[in-house]
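Each chain is listed here by its residues.
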Amino acid sequence: LVRLRARLARSQNTLGKGLLTLLSREHLDEDTWEEIEETLLIADVGVVPTQELVERLRERVKVLGTRTPADLRALLKEELLTLVGTDFDRAVKTESGVDTPAVVMVVGVNGTGKTTTTGKLARVLVADGRSVVLGAADTFRAAAADQLQTWGERVGARTVRGPEGGDPASIAYDAVKEGIAEGADVVLIDTAGRLHTKTGLMDELGKVKRVVEKHGPLDEILLVLDATTGQNGLTQARVFAEVVDITGIVLTKLDGTAKGGIVVAVQRELGVPVKLIGLGEGPDDLAPFEPEAFVDALIG
Ligand code: GDP
C-alpha cells in the first residue's frame, strides 16, 4: 500500500501540490484564481466541478484570515475529498448472497486495460481465499483469451474460452456454468470492447448480460477506462452507460498521468463510483480506490 501511494503521489502531485502552491501565494489576485481554475481544468476535473470548487475555495479562503500552510492544506484536503465523494459504496460486489457464484462482467474499449484488470482482480480475490473462474469472452482481440488464460494460470483460476471469433455470449454462459459446477465464489467475465457502432456493442454486451442472467443475477458491471485519455474516456463512458448498467468504474494507467481529475469527471458523468485504480502493468498494481489516500497523494 505504501508503494502504491508513492507511485500515485509521483504521478499525481501536479494537481494538488500545484493548487496548494497557488493558494499559498501572498496575494490571491484574479490571475491566481484563474491559474487555480486552469490547474483543475488541465487535470480533467471538468468545467462545472472546477467552477464550484473555485467558488468554495474563494469563500473559504476569505473567512480564513491567516493562511498558514497547515490551514490551507486542511482546507484543500477537505474540499478535494468533497469533490471526490466520500459516501459512495466502493466495494466490488463479489458476494452473490446466494449459493451460486457472484458474477462480475468487465467492459470497456480495447486497449484500456480490461484483460489486465480482470487478471489482477482475479489475483486479489484468490489471494483473499476466494475461488475464481475466468470467462474469456473477448473473442475479438486475437490474443485476449491467451492473455487471460496466462493470468489465470499464474493466479490459480480456471479460464473458460472458446474458438477465436466465437460467440462471446456462449463463452460467458459456459463460464458461469463452470463456476456453478465448480462451486466457485466469483466468475469474472472479460468482454470485447468494439466501439465500431453503438448498436453492435449493445447487441453484444446485451446478449452477454442476458445469457449470464439465465443462471442468476449479474452482480457487478465494471467499466474500465484509461485515465490518460481524458475527454475521450468520458465519451466512452457515456456510450457504455447507455448500453449496460455500469455499477463501478476502474480507472487504469493512473500511474501514467497527472490528470487525476478524471475521477471526479467520470463519477459525475455516470453517477457511479470509481471502485478500483490501476497503477501499473504488474500483478500487484490494482488498488481499491480510497478517497482519502487519493487526495493525500494529490496534495503530496
Ligand atoms: P484490453 O484490450 O482492454 O484488454 O487491454 P489490456 O489489458 O491488454 O491492456 C493494454 C495495455 O495497457 C497493456 O500493455 C497493459 O499492460 C497496460 N495496462 C493495463 N493497466 C495498466 C495500468 O494501470 N498502468 C499501466 N501503466 N499500464 C496498464
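Check the entry above for the structure.
Sequence order as written defines residue numbering, which begins from 1 separately in each chain. This being a predicted model, a pLDDT of at least 70 is required before a residue's local features are given, and a value of 80 or more before pairs of side-chain atoms are given or counted; all residues contribute to the totals for chains, interfaces and linings. Here the side-chain values reflect all heavy atoms present in the structure, with hydrogen atoms and water set aside.

(A) Examining the overall build of the chain more closely. Numbering of helices and strands runs from the N terminus, with a helix taken as a DSSP run of H or I at least four residues long and a strand as a DSSP run of E at least two residues long. From N to C terminus, the chain includes 11 helices and 8 strands. Computed over the C-alpha atoms, the radius of gyration of the chain is 21 Å, within 12% of the 19 Å expected from 2.2 N^0.38 for a compact globule of 300 residues. Projected onto its principal axes, the C-alpha coordinates of the chain cover approximately 65 × 40 × 30 Å. Residue burial is assigned from relative accessible area. The probe radius is 1.4 Å, only protein chains are included, and a residue is buried under 20% of its type maximum, exposed over 50%, and partly exposed in between. Sorting the 300 residues of the chain into buried and exposed places 53% on the buried side. When the accessible surface of the chain is summed, it comes to about 13100 Å², and 51% of that surface belongs to carbon and sulfur atoms. The positive count covers Lys and Arg only, the negative count covers Asp and Glu only, and His and the chain ends enter neither. To locate a charge, the coordinates of NZ of Lys, CZ of Arg, CG of Asp or CD of Glu are taken. Of the charged side chains in the chain, 35 are positive and 46 negative, and the gap between their average positions amounts to 2 Å. Radius of gyration here is computed from C-alpha atoms only, and the compact-globule reference equals 2.2 Å multiplied by the residue count raised to the power 0.38. Note on areas: Shrake-Rupley with a 1.4 Å probe; residue coverage comes only from the protein chains shown.

(B) Layout of the layout of surface pockets. What the second largest pocket holds in volume is close to 280 Å³. As defined here, a cavity is a set of points on a 1 Å grid over the protein atoms alone where a 1.4 Å probe fits but cannot get out. A pocket is an open set with protein on both sides within 12 Å along at least five of seven lines, and residues line them when an atom is within 4 Å of a point. As for the second largest pocket, its lining consists of 19 residues, and the residues nearest its centre are T112, G113, T116, K253 and E281. In terms of residues, the lining of the second largest pocket owes the most to one element, helix α5 (residues 114–127), which gives 5 residues. Any residue that is not Ala, Val, Leu, Ile, Met, Phe, Trp, Tyr, Cys, Pro, Asp, Glu, Lys or Arg is counted as polar, Gly included; the first ten are nonpolar and the last four charged. A per-class count over the lining of the second largest pocket returns 1 nonpolar, 11 polar and 7 charged. Grid points are joined across faces, edges and corners, and a volume is the space filled by probe spheres set on the points.

(C) Layout of the packing of aromatic side chains. Any Phe, Tyr or Trp ring, taking Trp's six-membered ring, that has another such ring centre within 6.5 Å forms a pair; planes under 30 degrees apart are called stacked, those over 60 apart edge-to-face, and the others tilted. Tallied over the entire structure, the rule returns 1 aromatic pair. Each ring, one from F289 and one from F294, has its centre 4.9 Å from the other, and the planes form 55 degrees; the classification is tilted. Its end group placed over the ring of W151, R154 keeps NZ or CZ at 4.5 Å from the ring centre. A positively charged side chain is recorded as over a ring if its NZ (Lys) or CZ (Arg) lies within 6 Å of the ring centre. The angle to the ring normal must also be within 35 degrees.

(D) A look at the pattern of salt bridges. Just to be clear on terms, a salt bridge is a Lys or Arg side-chain nitrogen sitting within 4 Å of an Asp or Glu carboxyl oxygen. In this structure the tally under the stated criterion is 23 salt bridges. Its salt-bridge partner being R123, residue D284 comes within 2.7 Å of it at the nearest N-O pair. Placement of D284 in the loop between β7 (274–278) and β8 (286–288) and of R123 in helix α5 is noted, with a sequence separation of 161 residues between them. A relative accessible area of 42% places D284 in the partly exposed class.

(E) Quick look at helix α10 (residues 262–270). Buried residues dominate α10, accounting for 7 of its 9 residues. Regarding α10, the residues found buried are I262, V263, V264, A265, V266, Q267 and L270. The positive-phi residue at the C-terminal boundary of α10 is G271, with phi of around 70 degrees.

(F) Region of interest: helix α11 (residues 291–299). Here α11 lies mainly inside the structure; 7 of its 9 residues are buried. Buried within α11 we find P291, A293, F294, V295, A297, L298 and I299. At the C-terminal side of α11, G300 shows a positive phi close to 80 degrees.

(G) View of unusual backbone geometry. Despite not being glycine, D44 has its phi angle at roughly 70 degrees, a positive value. The residue D44 is located in the loop between α2 (30–42) and α3 (47–64) in this model. Look at D44 and you get buried, because its relative accessible area is 17%. Phi angles above zero are rare outside glycine, and K253 is one such case at about 60 degrees. Counting through the fold element by element, K253 comes out in the loop between β6 (248–252) and α10. Judged by its relative accessible area of 32%, K253 is partly exposed.

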